[in-house]
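Residue-level structural notes
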Amino acid sequence: MSSHGERAPEAELGLLDATMIGMGAMIGAGIFVLTGLAAEIAGPGAIFVFALNGVVTAFTGLSYAELASAIPKSGGGYAFVREVFADLQSFLMGWMLWFAYMIAGALYALGFAPNFLELLHVYGIVPPPDQVGAIALPVIDAGIPAGVGLAFVAVALFVALNAVSTAASGSIETIFTATKVTILMIFVGFGVASPMFSSAEFQPLFPGDRTAFAVLPAMGLTFIAFEGYDLITTVTEEVKNPRENIPKAIFVSLAVTVVVYLLVVTVAIGTLGASGLAAAGEAGIAQAATEFMPTGLPVIKNGGAVIVFGAVFSTLTALNAVVIASSRVAFSMGREGQLLPGFGQLHHRFGTPFVAIVTSAIVMLGSVVLPTQSAGNMSSLFFLLSFIVVNGAVIKLRRERPDMTRPYEMPLYPLPPLLGIVLNLVLTVVLIEFLIRTDPLALVLSVSWIVLGVVTYVGLNRFKTARGVGAGTDEIGEPDELETTDVDAAFEEESEGGAGTDAGLAADEDD
Amino acid sequence: MTTKLDIIIAGGGRVGFQTAEMLDDLGHDVRIVERDGERCEQIADAYFATVIEGDAANPDILEQAAVDRADAVAALTGETGLNLAVCMAAERLSPEIRSVCRIDRAAGESYTRFVDAVLFPERAGARVAVNEIIGGDVQTLADVTGTLDIMQIRVVEGAPAANKTLQEIRFPSGTLVISDDDGERIARPDTTLDPGRRYIVAVEPDVAGEVMNLLRG
């Protein structure tokens, strides 16, 4: 019996678990929240949006697979880039990825809210979502929209949960993901069988004055749906036989995800129609389901409730996953000395990266006031940018460390990373152009975050220099230098240490 | 302040491999340079360090191992001459680096004129290599049975567990704080982890990194 409180160590993850972590993030909320928004931009062409995103992202998937097999570090894209690039670049990579996850958290929370209201509505607890007014706050005599309030509560809840416990093991994630996929397959099954689908009209693919290029901004917006393999690589050290299982998990989860997306989007557009889907926004899939699912069932009353439940469940589990992911990025940066040391420390009682989680939470909570579309845009933008860097990292690593052992080498190098860079860059440019026209707020916030990053970087190095260690000469405040000094100092201390006995402690002798 | 070190191990044989594995358990970054391609694959399979295939005395290979940002280099191949060459090349490329050289005879003590530390694996084993590389604040005292380590760890000011009593801290399972400060009494729930003092701690390798984080930041 030990004299202090303990926590159980984390479980080891198999191929299935790793695959499910990736799928869980990709099939999570994106499909429920973003399908309607994609249909709004691209019309029935939204089907291609998800297929093409799958293709674009596959090249980055190859890069992730190669890096993850050769660099045995948890921490995802940031850890790989840190291995290859200089301080500022790797700092910015972590900074962007951190933000992408935090905003994704806000996006999922915002997607959760209307679906949750829809679920309550299905059971007749509240009026239809568009008729739910603001929740009156008696104390401050002001109203906040119900959706924002719900999103805020959801974020706060998951952050609190993750701040105090290291739960969320792989096996739970596997059950979550299996549940989500099952619900979606029920949706697809009933949708295909419904009379609405047999009379489905996919023509014109690009209605109105849209051209085939309308898929590009929609691709940019929904790109966030494919961020899952970064999540797989944030847990690589917990995966069994990683050099084989990580690449496999990346490819399998990507392939399955694309198939699931295509089926679901086809059914949704086939039943509700692109315009109906677009009008339903974040709750598009749930709304489509309530149209064709059988009603009058026992207990669940309305078959559509299953799908609405699926949407609520998916957005919540995806929210949980990105809360963990964002804090892990910040934690890794803290460990590397690229954020204040507190970020890289575990809490003495909870055993979690407490500071990293709480800080991520503040940004996430602040972001739930954003419109859903802005959140989607910003998160996608930052994932696109960071994926460009990851593809660049593969090329740089191949050039600088040709003799490094790479258990998985991508085929047809250097084509995949080059294509990855070019295609991601095209989407980035299109997305930025789209943002200038439709969502300047998102663009301003994105640029501000990067500026804030540079300021933080400079400030942090000043802070380190001010502490009088490793005064920056060639590379400002290089963390390595700090550590060397620390070790040397420790060696000198060693000879003089250990003589003092603390009288105060003698008191606990017969405890 | 983070106490995570960036370390190059030259030679992925028994000594190098064991040393690298222990360092990784303690939460440090390790890169292994190994000549034999097949051995490289095996090390990559173990998945705790990046591996560079090649001769560590070759400056190009050392550069691939990012010698410029490493805190320490440990040349642990079976050939003393090669090890010395690796250490000196690394010091030339990165003057601040801490160099640890494996030698094959006692007379090798004289090598300390050129490198920061020497070791005889036959006498001391990989345990000593870890202690030399990390420094005096964390000392592995013994491998008890199999993999369990008993270490003497100096608590760092500002570490998450510093100035807390044991009952306030939840260590991961597989951790036992054995001694009171400086090993005079057995630890009790109200024992405080004072920064600057050392404690004897038994840990299982899986959780050593987490324990290091709590005690060393």
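Heads up: these notes are all about the structure in this document.

Looking at the overall build of chain B
Summing up its helical and strand segments, chain B has seven helices and eleven strands in all. Here the C-alpha atoms of chain B give a radius of gyration of 18 Å, agreeing with the 17 Å that 2.2 N^0.38 yields for 217 residues. Oriented by its inertia axes, the alpha-carbon framework of chain B measures out at about 55 × 35 × 35 Å. Residues counted as buried form 62% of the 217 residues belonging to chain B. Within chain B, contacts between residues separated by at least 24 positions form 55% of all contacts whose residues are at least 6 apart in sequence. Accessible surface, chain B: about 8,000 Å² in total, of which carbon and sulfur atoms supply 46%.

Let's talk about the packing of aromatic side chains
Working definition: an aromatic ring pair is given by the centre-to-centre distance plus the angle between the planes. Residues and elements named next belong to chain A. Inspection of every chain in the model, using the stated rule, returns 20 aromatic pairs over all chains. Summarising the aromatic geometry, the rings of Phe-91 and Tyr-457 are spaced 5.1 Å apart at their centres and angled 50° between planes, so their arrangement reads as tilted. Of the two residues, Phe-91 is situated in helix α5 (residues 87-122) and Tyr-457 in helix α18 (residues 440-466); the sequence distance between them amounts to 366 residues. Both residues of the pair, Phe-91 and Tyr-457, belong to the buried class. Joined through ring pairs, the aromatic side chains of Phe-91, Trp-95, Trp-98, Phe-99, Phe-343, Phe-382, Trp-449 and Tyr-457 make up one cluster. Just above the ring of Tyr-413 sits the side chain of Arg-398; from NZ or CZ to the centre is 4.1 Å.

Comments concerning unusual backbone geometry
In this chain, A:Tyr413 is followed by A:Pro414 through a cis amide linkage whose omega measures 5°. Tracing the backbone through its elements, the reader meets A:Pro414 in the loop between α16 (372-400) and α17 (415-438). Positive phi is not limited to glycine here, since B:Asn163 has a value of about 65°. Here B:Asn163 is to be found in the loop between β8 (149-154) and β9 (171-172).

Examining the environment of B:Val207
Within the secondary structure, B:Val207 sits in the loop between β11 (198-203) and α7 (208-216). With relative accessibility at 2%, the residue B:Val207 sits in the buried group.

Some remarks on the pairing of β11(B)
Residues and elements named next belong to chain B. Among the six residues of β11, six are classified as buried, and the element is accordingly described as predominantly covered. Here β11 shows two buried faces, one formed by Arg-198, Ile-200 and Ala-202 and the other by Tyr-199, Val-201 and Val-203. Of the strand pairs in this sheet, strand β10 (residues 175-177) and β11 are connected by three bridges, and their pairing is antiparallel. Its bridge partner lying in β11, Thr-175 is registered against Val-203.

A short note on helix α11 (residues 242-272) of chain A
With 31 residues, α11(A) extends 43 Å from end C-alpha to end C-alpha; this agrees with the ideal 45 Å at 1.5 Å per step. A positive backbone phi angle near 85° is found at A:Gly273, which sits one or two residues after α11(A).

Things to note about the packing of α16(A) against α17(A)
All names here are of chain A. At a minimum axis separation of 9 Å, α16 and α17 run at an interaxial angle of 155°. Comparing their axes, α17 and α16 come out roughly antiparallel. Crossing of α16 over α17 shows left-handed handedness. Seen from α16, the contacting residues are Gln-373, Asn-377, Ser-380, Leu-381, Leu-384, Leu-385, Phe-387, Ile-388, Asn-391, Gly-392, Val-394 and Ile-395; seen from α17, they are Pro-417, Leu-418, Gly-420, Ile-421, Asn-424, Leu-425, Leu-427, Thr-428, Leu-431, Ile-432, Phe-434 and Leu-435. Grouping the constituent residues of the contact of α16 with α17 by class yields 16 nonpolar, eight polar and no charged.

About the thresholds
Residues numbered from 1 in each chain as written. Chains lettered and ligands numbered in written order. Predicted model: local features only at pLDDT ≥ 70, side-chain atom pairs only at ≥ 80, totals over all residues. Heavy atoms only, no water. Helix = DSSP H or I, 4+ residues; strand = E, 2+ residues; numbered from the N terminus. Rg over C-alpha atoms; globule rule 2.2 N^0.38 Å. Buried < 20%, exposed > 50% of the residue type's maximum accessible area, 1.4 Å probe, protein only. Contact = heavy atoms within 4.5 Å. Areas by Shrake-Rupley, 256 points an atom, 1.4 Å probe, with all protein chains shown as cover. Phe/Tyr/Trp six-rings, centres within 6.5 Å; stacked < 30°, edge-to-face > 60°. Lys NZ or Arg CZ within 6 Å of the ring centre and 35° of its normal. Pairing = 2+ DSSP bridges. Expected span 1.5 Å × (residues − 1). Axes fitted to C-alpha atoms, helices over the stretch in contact; angles between N-to-C directions. Parallel < 35°, antiparallel > 145°, perpendicular 65-115°, else oblique. Left-handed = near helix turned anticlockwise from the far one by under 90°. Nonpolar A, V, L, I, M, F, W, Y, C, P; charged D, E, K, R; others polar.

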